[in-house]
Amino acid sequence: MHTLETGLREGVAGLPGLELNDAQIAGLLAYLDLIQKWTKVYNLTAVRDPAEMLTHHLLDSLAVIVPLRRRLAPLALPAVRLLDVGSGAGLPGVVIAICCPDITVHCVDTVGKKAAFIQQVAVALKLPNLRGVHARVENLTDTYQVVSSRAFASLVDFTQWSGAALAEEGVWMGMKGKHPADEIAALPATVSVFHVEQLVVPGLDAERCIVWMRKH
């Protein structure tokens, strides 16, 4: 386990502005451990190698924490609710819940066992701000200040399906690989892209970005 912890700490050090305490580092490692255990039975993720999981899953999701905090800071909201759509094994939702205890995170997935896994993580890691929701995002009645997705669907489908769940003043946080110019061009006039933020993920030799959007 030592090498994974070292890798995680080095990765966190390589993300400017990200500071995590020992309890959060331990929580992320315990989460990684749970993914490995459950994936044997439930096939949560195609990535099986722990070192690869560290870069492709954990660090990839950790790269959004500082941009997310920066985006929320000027809003000075009394409480922030974030919905992670098509969350799967809980990426980035669980990572956000561990790193940002002040944010209420709901991870929604149409696959029951994936939502059940999130519930299990919430109990095992004692995360009162985390909940797994087994539902279609279109059917949710709650609203959220941030609606996120990671490699879930095209930006058009993502914003269309989750539109009702986004609070009026809320933002969509679409995590993508290469700059998705075609997907952005296909967005309807009701969605406005106000920033495409390039991310550098330590140890990952691939392009990553966040497409920030709001209702127009």
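This section reports on the structure supplied with the text. (Residues numbered from 1 in each chain as written. Predicted model: local features only at pLDDT ≥ 70, side-chain atom pairs only at ≥ 80, totals over all residues. Heavy atoms only, no water.)

Geometry of an aromatic ring pair is reported as the spacing of the ring centres plus the angle between the planes. Taken as a whole and assessed by the stated rule, the structure comprises 3 aromatic pairs. Measuring from ring centre to ring centre gives 5.8 Å for Phe 152 and Trp 161, while their planes differ by 70 degrees; the resulting arrangement is edge-to-face. On the basis of relative accessibility, which here comes to 30%, the residue Phe 152 falls in the partly exposed class. Exposure remark for Trp 161: the relative accessible area of 32% places this residue in the partly exposed category. Within the aromatic cluster, the residues linked to one another by ring pairs are Tyr 31, Trp 38 and Phe 117. In this structure, Arg 81 is placed above the aromatic ring of Tyr 144, and the distance from its NZ or CZ to the ring centre is 4.7 Å. The cationic tip of Arg 214 hangs over the ring face of Phe 194; the distance from NZ or CZ to the ring centre is 3.8 Å. (Phe/Tyr/Trp six-rings, centres within 6.5 Å; stacked < 30°, edge-to-face > 60°. Buried < 20%, exposed > 50% of the residue type's maximum accessible area, 1.4 Å probe, protein only. Lys NZ or Arg CZ within 6 Å of the ring centre and 35° of its normal.)

What follows covers the layout of surface pockets. Computed from the structure, the largest pocket encloses a volume of approximately 250 Å³. The wall of the largest pocket is formed by 15 residues, among which Gly 86, Ser 87, Gly 88, Ala 89 and Arg 150 lie closest to the centre. Of the residues belonging to the lining of the largest pocket, the class tally is 7 nonpolar, 5 polar and 3 charged. In this structure, the second largest pocket encloses a volume near 150 Å³. Every residue lining the second largest pocket is listed: Leu 15, Pro 16, Leu 18, Leu 62, Ala 63, Val 66, Pro 67, Arg 70, Glu 197, Gln 198, Leu 199 and Val 200. Every element with two or more residues in the lining of the second largest pocket is listed here: helix H4 (65–72) and strand E6 (191–199). When grouped by side-chain class, the residues that make up the lining of the second largest pocket number 9 nonpolar, 1 polar and 2 charged. (1 Å grid on protein atoms, 1.4 Å probe; cavity = no way out; pocket = protein on both sides within 12 Å on 5 of 7 lines; lining within 4 Å. Points joined across faces, edges and corners; volume = space filled by probe spheres on them. Nonpolar A, V, L, I, M, F, W, Y, C, P; charged D, E, K, R; others polar. Helix = DSSP H or I, 4+ residues; strand = E, 2+ residues; numbered from the N terminus.)

The 7 strands are arranged E3-E2-E1-E4-E5-E7-E6 in an open sheet whose pairing can be described as mixed. Looking along the sheet, the strands with just one partner apiece sit at the ends: strand E3 (130–134) and E6. Across this sheet, the average inter-strand angle for adjacent strands is 20 degrees, counted without regard to direction. Summarising the sheet, strand E1 (residues 80–85) and strand E4 (residues 144–150) pair through 4 bridges and their orientation is parallel. Within E4, the position partnered with Leu 83 by the bridge is Val 147. Of the strands in this sheet, E1, E4, strand E5 (166–176), E6 and strand E7 (208–215) touch helix H7 (residues 155–162), which is tilted by about 150 degrees from E5. (Pairing = 2+ DSSP bridges. Axes fitted to C-alpha atoms, helices over the stretch in contact; angles between N-to-C directions. Contact = heavy atoms within 4.5 Å.)

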